[in-house]
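# A closer look at the structure
Residues per chain are reported as follows:
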Amino acid sequence: MNDLYIKELIEVTEGQMIIGNMELKCENFSKDTRQIKENDIYIGIKGNSFDGSEFWEEALKKGASCVIIENIEITEEQKQKYKNKTIIKVKNTLEALYKIARLKREKYKIPVIAITGSVGKTSTKDIIAKVVSQKYLTLKTEGNNNNNIGLPFTILKLKKHEALVIEMGMNHFGEISLLTSIAKPDICIITNIGTSHIGNLGSRENILKAKLEILEGTKNPKVIINNDNDLLHNWYIENKNNFNIKTYGIKNKSNYNAEKIELNGDSSKFICEINGKREEIKVPVGGEHFILNSLCAITVGTVLEIDSKDIKEGIEKFELTQKRMDIKQLENGIKVINDAYNASFESMKATLEYLSEFKDNRKIAVLGDMLELGEYSEDLHRKVGIEVVKNKIDLLICYGDNSKNIAKEARKLGMEHILQFDNKQQILEFLKQDLKKGDIVLFKASNGMKFFELANEIEKKEFWDKTY
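Below, the structure is looked at part by part. (Residues numbered from 1 in each chain as written. Predicted model: local features only at pLDDT ≥ 70, side-chain atom pairs only at ≥ 80, totals over all residues. Heavy atoms only, no water.)

## As for the environment of Cys-272
Basically, it comes down to this: Put simply, DSSP H or I for four residues or longer makes a helix, DSSP E for two residues or longer makes a strand, and each gets a number counted from the N terminus. Only heavy atoms enter the contact rule, under which two residues are in contact if any of them lie within 4.5 Å.
Looking at the element boundaries, Cys-272 is found in strand 16 (residues 268-274). Sequence-wise, Cys-272 and Ile-298 are 26 residues apart; in three dimensions their C-alpha atoms are separated by 8.9 Å. Ignoring anything within four residues of it in the chain, the contact list for Cys-272 reads Tyr-256, Asn-257, Lys-277, Arg-278, Glu-279, Ile-281, Leu-295 and Ile-298.

Right under this line is the structure:
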């Protein structure tokens with residue numbers, strides 16, 4: 001049985017039942033009283049600026065059947081008031097969450113596919129989940145819930161699922177080690193090793209070490225890597241006899257390679273050998289990086305013995321998570337690319353290459369700061385400037401202190417049409433006056449820059465009716 005009961009939660013967390021029902025079935029879990037539903041199990045997570053345990057009464061009043069809390073004293077009056085509810089007290093609610101999620105995971109004998117990498121985790125997860133769902137009822141990480149709280153809560157959503165596709169993010173050593181100890185993946189995927197969080201980890205080699213923590217979850221995982229990435233390719237050469245590794249790539253010979261690639265602005269296609277037969281794969285999104293994502297999904301599909309027809313269909317039906325290469329054609333003939341959820345040098349490079357595929361459009365790149373780069377910040381922003389020029393972007397608009405280095409390098413290489421603004425309102429005012437039918441405008445920066453607000457604003461019909 002996959003069901004969880006209160007008595008099991010108490011045992012695994014070494015918790016104390018204040019009041020309640022040992023036989024209560026635990027079906028849905030929540031950490032947010034604003035989203036509590038009837039009969040949820042509320043876990044009061046302690047954050048940097050708040051203590052979720054303090055909202056236990058609100059959770060019960062809104063319909064939660066049980067609350068798991070720490071450092072809260074329950075009075076006799078409160079026990080009487082909530083005598084039909086269940087209250088469990090633990091030493092640490094975050095640790096309790098990990099233990100409950102591990103217990104839930106252990107109840108499921110299903111394929112668990114875990115994905116990490118410097119860039120492309122979410123889009124790769126989405127396309128893999130689409131392929132896997134052609135054969136299995138699949139649960140996947142929603143949005144960016146890929147950290148030490150999001151991942152356990154994703155696992156706790158397992159019900160009648162037959163497969164789990166889960167994303168693992170990190171900023172420091174030890175974080176993926178924790179996540180993989182909870183998820184215990186059967187298939188471990190590393191999409192690439194780039195420069196995201198290099199300010200925290202110090203080098204790409206250290207980023208590789210941190211990503212390789214994903215292999216600690218199980219004894220004999222199937223490993224899938226992007227063989228075009230230099231560090232992953234070298235690791236493969238050194239470790240191909242130590243692990244069960246499958247590779248995919250465009251440039252380096254791999255188990256799954258893309259041939260005869262055709263890139264268009266809105267889509268692409270390529271040939272790949274699947275199950276001994278050459279197949280044409282159509283991808284509903286443009287950009288070479290989505291060819292790599294599709295190859296990764298093909299590799300997973302074949303490992304799980306999914307039929308070639310279903311693998312192809314899954315890729316063709318794939319849809320992007322919002323704010324990640326979210327492309328919209330406005331009624332006035334302007335196209336907007338909202339890729340503002342996050343940014344690193346590698347993702348900037350890939351998105352600018354994608355933008356360059358629109359040969360018949362005026363290409364405008366609105367770029368902001370890439371964060372968490374430490375001492376590498378100036379150099380990597382300058383490298384983005386090189387990519388802007390290399391990809392023949394028509395107009396570069398920058399905002400943010402670090403983005404000034406993008407503009408400096410592009411200007412140094414002879415680009416003339418460059419604007420640097422002091423605030424985002426000025427960007428909107430300029431775009432309102434300057435954009436015209438046929439233009440394509442990209443918004444790209446780290447999430448903290450909130451460039452998605454710019455994209456969202458110009459996508460509104462009312463924006464074009466404003467007078468500045």
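## Concerning the sheet that holds strand 5 (residues 41-43)
Stated precisely, the cut-off is as follows: Paired strands are those between which DSSP finds at least two bridges.
Sheet architecture is open: 5 strands sit in the order 2-7-6-5-4, paired in mixed fashion. In the strand order of this sheet, the two ends are held by strand 2 (16-19) and strand 4 (29-30), each with one partner. Two elements, strand 4 and strand 5, share 2 bridges in a ladder whose sense is parallel. Each bridged residue has a counterpart across the sheet, and for Ser-30 the counterpart in strand 5 is Tyr-42.

## Overview of the nonpolar core
The line we're drawing: The set of buried Ala, Val, Leu, Ile, Met, Phe, Trp, Tyr and Cys residues whose side-chain atoms join them within 4.5 Å is what this entry labels a nonpolar core. Only protein chains enter the accessibility calculation, which uses a 1.4 Å probe. A residue is then buried if its area is under 20% of the maximum for its type, exposed if over 50%, and partly exposed in between.
Ranked by internal contacts, the top residues of the largest apolar core, which has 118 residues, are Phe-29, Ile-128, Leu-295, Ile-298 and Leu-396. Per-element accounting of this core gives the leading share, 8 residues, to helix 11 (residues 288-303). Other than its neighbours up to four places away in sequence, Ile-128 contacts Ile-113, Ile-115, Val-165, Ile-189, Cys-296, Ala-297 and Val-300. The next biggest cluster of nonpolar side chains, apart from the first, holds 23 residues, and it includes Ile-364, Ile-427, Met-449 and Phe-451.

## Digging into the pairing of strand 10 (residues 163-167)
For a regular strand, side-chain orientation follows a simple rule: the groups alternate between the two sheet faces. Rules: Seen with its strands pointing away from the viewer, a crossover is right-handed if its path from the first strand over the helix to the second goes clockwise.
Taking burial as the measure, the 5 residues of strand 10 include 5 buried ones, the bulk of the element. Here strand 10 shows two buried faces, one formed by Ala-163, Val-165 and Glu-167 and the other by Leu-164 and Ile-166. Relative to strand 10, strand 8 (residues 112-116) runs parallel, the two being bridged by 4 bridges. Bridge assignment links Ile-113 to a residue of strand 10, and that residue is Val-165. As paired strands, strand 9 (residues 138-140) and strand 10 are joined by 3 bridges and run parallel to one another. Its bridge partner being in strand 10, Thr-138 is matched across the sheet by Ala-163. Crossover handedness for the path strand 9 to helix 6 (residues 150-155) to strand 10: right-handed.

## Considerations on the packing of aromatic side chains
Test applied: Aromatic contacts are taken between Phe, Tyr and Trp rings whose centres are within 6.5 Å, Trp giving its six-membered ring; a plane angle under 30 degrees counts as stacked, one over 60 as edge-to-face, and the others as tilted.
Summed over the entire model, instances satisfying the criterion amount to 7 aromatic pairs. For the ring pair Phe-290 and Phe-318, a centre distance of 6.1 Å and an interplane angle of 40° mean the geometry is tilted. With Phe-290 in helix 11 and Phe-318 in the loop between helix 12 (308-317) and strand 18 (326-329), this residue pair connects regions lying 28 residues apart in the sequence. The burial state of Phe-290 is the same as that of Phe-318; both residues are buried.

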